Amino acid sequence: MKPKLIDLTVMVTRPQHQAEKLCQMISEQGAKVVRFPALAIEQVDYPSHDKIMAAFNAVEIVIFISANAVFYGMSLWQRHHSLWPTDCVTLAIGEATAQALQNYGLNDVRLPKTQY
């Protein structure tokens, strides 16, 4: 099968640490890849985080909107707690986010039934 992206140049703007798989897939389709990370995703600590985490056991639903949100959110969670609340509903916006949560041992994660 002939690659579909021959003679194209594709600029990938994902953060550097998350771009490689996409760059490889684009390259395999015949395009020249230009890596141009346009943003960096970093942990931000606010004084209010301690208050939020102290009240977290009262939270009924938590929605994670990305695998990055899982990484940084669970990092914050683990600094303050050892176990995820059993009566908390955990929602993920898509498959990659759900997989990231499963990597932290959260297996009862709900996903949208249709589009993510």
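Note that the structure is a prediction, hence the values are computed from the model and not measured.

1. Here we look at the pattern of salt bridges
Here's step 1: Inspection of every chain in the model, using the stated rule, returns one salt bridge.
Here's step 2: For arginine 35, the salt bridge is made with glutamate 20, and the minimal N-O distance between the two is 3.0 Å. Separated by 15 residues along the polypeptide, arginine 35 in strand S2 (residues 32-35) and glutamate 20 in helix H1 (residues 16-28) bring together distant segments of the chain.
Here's step 3: Overall, the relative accessible area of 45% leaves arginine 35 in the partly exposed class.
Here's step 4: The class for glutamate 20 is partly exposed, based on a relative accessible area of 45%.

2. Some remarks on the side chain of threonine 97
Here's step 1: Positionally, threonine 97 belongs in helix H4 (residues 95-103).
Here's step 2: Setting aside anything within four residues of it in sequence, one finds threonine 97 in contact with Phe64, Ile65, Ser66, Ala67, Val70 and Ala92.

3. Looking at the packing of aromatic side chains
The relation between two aromatic rings is expressed through the spacing of the ring centres and the mutual angle of the planes.
Here's step 1: Applying the stated rule across the entire model yields three aromatic pairs.
Here's step 2: With a centroid separation of 4.9 Å and 80° between ring planes, the pair formed by phenylalanine 71 and tyrosine 72 is classed as edge-to-face.
Here's step 3: Classification of phenylalanine 71 by relative accessible area gives partly exposed; the value is 44%.
Here's step 4: With a centroid separation of 5.0 Å and 65° between ring planes, the pair formed by tryptophan 77 and tryptophan 84 is classed as edge-to-face. Comparing tryptophan 77 with tryptophan 84 shows no difference in burial state: the two are buried.
Here's step 5: Ring pairing ties together the aromatic residues Phe64, Trp77 and Trp84, which thus form one cluster.

4. Focus: the sheet that holds strand S4 (residues 89-92)
Here's step 1: The sheet built from three strands is open, its strands ordered S3-S4-S5 with parallel pairing. Strands with a single pairing partner mark the edges of an open sheet, and in this sheet they are strand S3 (61-64) and strand S5 (109-110).
Here's step 2: Taken together, the two bridges between S4 and S5 define a ladder with parallel strand orientation. Directly across from threonine 90, in S5, lies its bridge partner valine 109.
Here's step 3: Here H4 sits on the sheet and contacts S3, S4 and S5; the angle it forms with S4, its principal contact strand, is near 135°.

5. Side note on the nonpolar core
Here's step 1: Grouped together as the largest cluster of nonpolar side chains are 16 residues, with contacts concentrated most on Phe64, Met74, Trp84 and Leu101.
Here's step 2: Counting only elements with at least two residues in this core, the list comes to S3, helix H3 (67-80) and H4.
Here's step 3: When residues in this core are grouped by element, the largest group, four residues, is from H3.
Here's step 4: Not counting residues within four places of it along the chain, the set of residues in contact with methionine 74 comprises Phe64, Ala69, Trp84, Tyr104 and Leu106.
Here's step 5: Val12, Ala19, Ile26 and Ala31 belong to the second-largest nonpolar core, a separate cluster that totals six residues.

The rules we used
Residues numbered from 1 in each chain as written. Predicted model: local features only at pLDDT ≥ 70, side-chain atom pairs only at ≥ 80, totals over all residues. Heavy atoms only, no water. Salt bridge = Lys/Arg side-chain N within 4 Å of Asp/Glu carboxyl O. Helix = DSSP H or I, 4+ residues; strand = E, 2+ residues; numbered from the N terminus. Buried < 20%, exposed > 50% of the residue type's maximum accessible area, 1.4 Å probe, protein only. Contact = heavy atoms within 4.5 Å. Phe/Tyr/Trp six-rings, centres within 6.5 Å; stacked < 30°, edge-to-face > 60°. Pairing = 2+ DSSP bridges. Axes fitted to C-alpha atoms, helices over the stretch in contact; angles between N-to-C directions. Core = buried A, V, L, I, M, F, W, Y, C linked by side-chain atoms within 4.5 Å.

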